[in-house]
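# Descriptive analysis of the structure
For reference, the chains in residue letters:
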Amino acid sequence: MNAETRKQKRARLLQSPDVSVVIVGGGINGIGLYRELALQGVDVLLVEKEDYCSGASAAPSRMIHGGLRYLENGEFTLVRESLNERNRLLANAPHYVRPLPTTIPIFSRWDGVWQALLRFLRLSDKQSRRGAFVIKLGLMAYDLFTKGATSMPTHRFHRKCSTNTQWPALNKETVCSATYYDAWISYPERLAFELLADTEQLSDTGMALNYAELIRAEGDQLMIEDRTDGAQIRVKPRVVVNAAGAWIDFTNQAFSMPTQFIGGTKGSHLIINNRELYQATGGGMIYYENPEGRICILFPYFDNVLVGSTDISITNPDTAVCTAEETAYILESLKYIFPDITISHDEIVYRFSGVRPLPASDRETNGQISRDHSCRVMPASEDQPFPVYSMVGGKWTTFRSFAEQVADRVLADLDVTRQQSTHALAIGGGKDYPESDSEREHWCQQFSEKYGCSILRAEQLLMRYGTCAVALAEKYDLGNDRPLEHHTGYSYGELTYLIGSEQVVHLSDLLLRRTALAISGELNMAMVQEFNELLARQSGWSAEVAEEELSRTLSHLEKHHGLDHNTLNKRPSIRSEEHHVSSQESAYEAVVQAG
Ligand SMILES: Cc1cc2nc3c(=O)[nH]c(=O)nc-3n(C[C@H](O)[C@H](O)[C@H](O)COP(=O)(O)OP(=O)(O)OC[C@H]3O[C@@H](n4cnc5c(N)ncnc54)[C@H](O)[C@@H]3O)c2cc1C
């Protein structure tokens, strides 16, 4: 982000409270819209009540995908749009979005034909197992939608014997399997920050504030509370966009307009550290049905395996945590697909949960609720002289197209002509990203020579920040930088850079979103304390504030991610400079090339 601090931004806003557009919610949809509008020269304010990308946008399965299973609901337009966006993200953010070979174990040849037909005709909501025939039809459509648009191979079926050879730990009742290609995102939160940073670099008409909550509307004004100190800021918008995800209906209460747009469902995931399970994936995703016909997924994530997810109706998104029942359910599903692999609770190194902001629906099965997006309009009225648009639903994958569509409606309201498209706009460290292995090697060689660091460090920074690593190196002397005591893969310069340039307010922002330390399963107590001390020094906190911050973060880690004191105390410090994602990345690339 640019050099203007959060404090300076707030002062600027107090001086000029008239803004064309206020976006409420800094998840991926709000951030996507913020970029779209600011790039067209619209003065736009984004307010987020917590940290950016801390709601549903921090809890996805990390798939950037077309949505194979939406085909049986007849949602061809959504699948086509999602596949186009997936391909754009592969091109525009290659540092974080990468191909993902995905294998479906299949348990029968003809199961599910009748049920799939009924679901397609909207005559039934029931889940059922899908056999080879139904899956073949879906994969053919998938390939057709992306024909000529991607270098990824088309799908392939494997006979029983070759399935057993390639994935020996799979349930032996599989009659065959099919592999197709989608994509995954390594650091969704970082991609969101890079969108914010790009916006502030490319345009001077946007302002984004985290920990700023819309609390009410008063006539033609909105009241925003700065949650860092309780100060209230009045702004006067011409248009409001409610991008509050699962909180959309709660937020619309601020406008005294009761809405029932959302029917949120909670989804939880586990990150598991188990070698056998890691190897059982064969280096790609296993996309499987559990005995009741629900789709579950697992794939290698950093050095661990990401497994999920649940899909449970929930009314208050603030209460979403991964419960013991959900953990048991996910482990039970795993047992079905890999019957001989035993997972102990100690091997669950992280848990996370989020609420999908799905449209309110009367479908019987949550899995059948559309993952499509829509923009609901509440027109301006005498009491409220601005229209309110609500961004309902959507997927991480389709954030750009959803934002583009909403931006076009807002631009029409404001009578502003679109100046720039984001179709092919590189995101953050995806700009000039070295594509091939040899280009990456060359890039790292040059980087290490220019900035006086080891090649390994250059690779690590490229993996973490893409080509944005250059901005960090320009600011901090990497040659004289000091590794942290409890995680030698991070340095003081790097963290100082993140704290200073990415609006870090709380310790959890740093541990959960600016870095991937928590989700990677690396975090330990000494590290939490070391990060807190550094943040306290840089933010000028008193000893009491630093202590409060530490206990606030520790209770958040325990409640939301299953990391209690005992677990954190037992974990060792990280002394190596290994960088797991790049080896995972090469494994995927090898599979894609072999395709
Ligand atoms: C379990 C799960 C798995 C998923 N898997 C995938 C996947 O693999 N691939 C994929 O493409 N998509 C996936 N998704 C969907 C995707 O993550 C969501 O659709 C997307 O993140 C929604 O973004 P959003 O910005 O609308 O909502 P959010 O990210 O929830 O953002 C809304 C924000 O609004 C803020 N807010 C609320 N009220 C106020 C207020 N009054 N003032 C200021 N701010 C406010 C909240 O704090 C929140 O940060 C998944 C979602 C879940 C939950």
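Residues numbered from 1 in each chain as written. Predicted model: local features only at pLDDT ≥ 70, side-chain atom pairs only at ≥ 80, totals over all residues. Heavy atoms only, no water.

## Details of the overall build of the protein
For the protein, the helix and strand inventory stands at 20 helices and 18 strands. Here the C-alpha atoms of the protein give a radius of gyration of 24 Å, agreeing with the 25 Å that 2.2 N^0.38 yields for 595 residues. In terms of overall dimensions, the protein has a C-alpha envelope of 70 × 60 × 45 Å along the principal axes. Here the protein holds 595 residues, and the buried ones make up 62% of them. When contacts within the protein are restricted to residue pairs at least 6 apart in sequence, those whose partners lie at least 24 apart make up 72%. For the protein, the accessible area works out to roughly 23700 Å², and carbon and sulfur atoms hold 50% of it. The centroid of the 59 positive side-chain charges in the protein is displaced by 5 Å from the centroid of its 76 negative side-chain charges. (Helix = DSSP H or I, 4+ residues; strand = E, 2+ residues; numbered from the N terminus. Rg over C-alpha atoms; globule rule 2.2 N^0.38 Å. Buried < 20%, exposed > 50% of the residue type's maximum accessible area, 1.4 Å probe, protein only. Contact = heavy atoms within 4.5 Å. Areas by Shrake-Rupley, 256 points an atom, 1.4 Å probe, with all protein chains shown as cover. Lys, Arg positive; Asp, Glu negative; His and termini not counted. Charge placed at Lys NZ, Arg CZ, Asp CG, Glu CD.)

## Brief notes about the site of the ligand
Among the 36 residues in the neighbourhood of the ligand, the closest are listed as Glu 48, Ser 57, Met 63, Gly 394 and Thr 397. Separating an oxygen atom of the ligand from a side-chain N or O atom of Glu 48 is a distance of 2.6 Å. Between a nitrogen atom of the ligand and a main-chain N or O atom of Lys 49, the distance comes to 3.0 Å. Out of a free accessible area of 1000 Å², the ligand has 96% covered by protein chains. Secondary structure elements with two or more residues in the shell around the ligand: α2 (28-39), β8 (212-218), β11 (265-272) and β16 (348-356). Considering only residue class, the shell around the ligand consists of 15 nonpolar, 14 polar and seven charged. Both domains that furnish three or more residues to the shell around the ligand are identified here as domain 1 (6-56 + 189-262 + 371-414) and domain 3 (265-356). (Near = heavy atom within 4 Å. Polar contact = N/O pair within 3.5 Å; in protein donor to acceptor, adjacent residues only side chain to side chain. Nonpolar A, V, L, I, M, F, W, Y, C, P; charged D, E, K, R; others polar. Domains from an automatic or database assignment.)

## Some details on the environment of Gly 25
By the element assignment, Gly 25 lies in the loop between β1 (18-24) and α2. When the C-alpha positions of Gly 25 and Tyr 52 are compared, they lie 8.2 Å apart, and in sequence the two are 27 residues distant. In contact with Gly 25, other than residues within four places in its own chain, are Gly 30, Leu 46, Val 47, Glu 48, Ala 243 and Ala 244.

## Observations concerning the domain arrangement of the protein
Assigned domains of the protein: these are domain 1 (6-56 + 189-262 + 371-414), domain 2 (96-184), domain 3 (265-356) and domain 4 (482-570). Inter-centroid distance (C-alpha atoms) of domain 1 to domain 4 is 28 Å. Across the contact, 14 residues belong to domain 1 and nine residues belong to domain 4. Roughly 930 Å² is buried in total at the junction of domain 1 and domain 4, and carbon and sulfur atoms are behind 46% of that figure. Contact with domain 4 buries area across many residues of domain 1, yet Arg 190, Phe 193 and Tyr 211 alone supply 47% of it, more than any other trio. The salt bridge partner of Asp 51 is Arg 514, with a shortest N-O separation of 2.6 Å. Summed over the shared surface of domain 1 and domain 4, the result is eight residue pairs in polar contact (both at pLDDT 80 or more). Here the element with the most residues in the side of domain 1 that touches domain 4 is helix α7 (residues 188-202); it accounts for three residues. Residue classes in the side of domain 1 that touches domain 4 are distributed as six nonpolar, three polar and five charged. (Buried area = accessible area lost by both parts, 1.4 Å probe. Salt bridge = Lys/Arg side-chain N within 4 Å of Asp/Glu carboxyl O.)

## So, the confidence of the model for the protein
The share of residues in the protein with pLDDT of 70 or more is 94%, and the mean pLDDT across the chain is 92. Per-residue pLDDT stays below 50 along residues 578-583; that stretch engages in 13 contacts with residues further than four places along the chain or on separate chains. Contacts from residues 585-595, a stretch scored under 50 in pLDDT, to residues over four places away or in other chains number 21 contacts. (pLDDT = per-residue confidence, 0-100.)

## With respect to unusual backbone geometry
Residue Ser 309 is reached from Gly 308 by a cis peptide bond, and omega for that bond is -15°. Note that Ser 309 resides in the loop between β14 (304-308) and β15 (312-313). You will see that Arg 62, though not glycine, has its phi angle at about 65°, which is positive. As for its placement among the helices and strands, Arg 62 is situated in the loop between β2 (44-47) and β3 (63-64). On the accessibility criterion, Arg 62 (1% relative accessible area) is buried. Even without a glycine there, the phi angle at Phe 302 is positive, about 50°. Secondary-structure assignment places Phe 302 in the loop between β13 (295-301) and β14. Note on Phe 302: relative accessible area 7%, which makes it buried.

## A closer look at the nonpolar core
One finds Val 21, Ile 23, Leu 37, Val 241 and Phe 447 to be the most contacted residues of the largest nonpolar core, which totals 126 residues. The leading source of residues in this core is helix α11 (residues 399-414), at eight residues. Non-local contacts of Ile 23, meaning those with residues more than four positions away in its chain, are made with Gly 30, Leu 33, Tyr 34, Leu 37, Val 44, Leu 45, Leu 46, Val 47, Val 241 and Ala 243. Counting residues in hydrophobic clusters, the runner-up holds 24 residues, among them Phe 107, Leu 270, Ile 272 and Leu 298. (Core = buried A, V, L, I, M, F, W, Y, C linked by side-chain atoms within 4.5 Å.)

## Examining helix α16 (residues 507-514)
Burial analysis of α16 places eight of its eight residues in the buried class, the great majority of the element. Looking only at α16, the buried set comprises Leu 507, Ser 508, Asp 509, Leu 510, Leu 511, Leu 512, Arg 513 and Arg 514. Close packing links the buried residues of α16 with α7, β16, α15 (492-501), α17 (525-539) and α18 (543-561).

## Remarks on the packing of α7 against α16
Packing of α7 against α16 leaves a shortest axis separation of 9 Å and a crossing angle of 110°. With respect to α16, the element α7 is oriented roughly perpendicular. Together, Glu 189, Arg 190 and Phe 193 of α7 and Leu 512, Arg 513 and Arg 514 of α16 make up the contact between the two elements. (Axes fitted to C-alpha atoms, helices over the stretch in contact; angles between N-to-C directions. Parallel < 35°, antiparallel > 145°, perpendicular 65-115°, else oblique.)

## Here's the deal with the side chain of Thr 265
In this fold, Thr 265 is placed in strand β11. A polar contact of 2.6 Å, which involves the side chain of Thr 265, links it to the side chain of Asp 311. Setting aside residues up to four positions removed in sequence, Thr 265 forms contacts with Asp 311, Ile 312, Ser 313, Ile 314, Gly 354, Val 355, Arg 356, Leu 358 and Asn 366.

## Some thoughts on the state of the cysteines
Applying the stated rule across the entire model yields zero disulfides. In this model Cys 53 remains outside any disulfide bridge; the closest cysteine sulfur is found in Cys 468, 16 Å from its own. The thiol sulfur of Cys 468 is not disulfide-bonded, and the nearest other cysteine sulfur, from Cys 444, lies at 15 Å. (Disulfide = S-S within 2.5 Å.)

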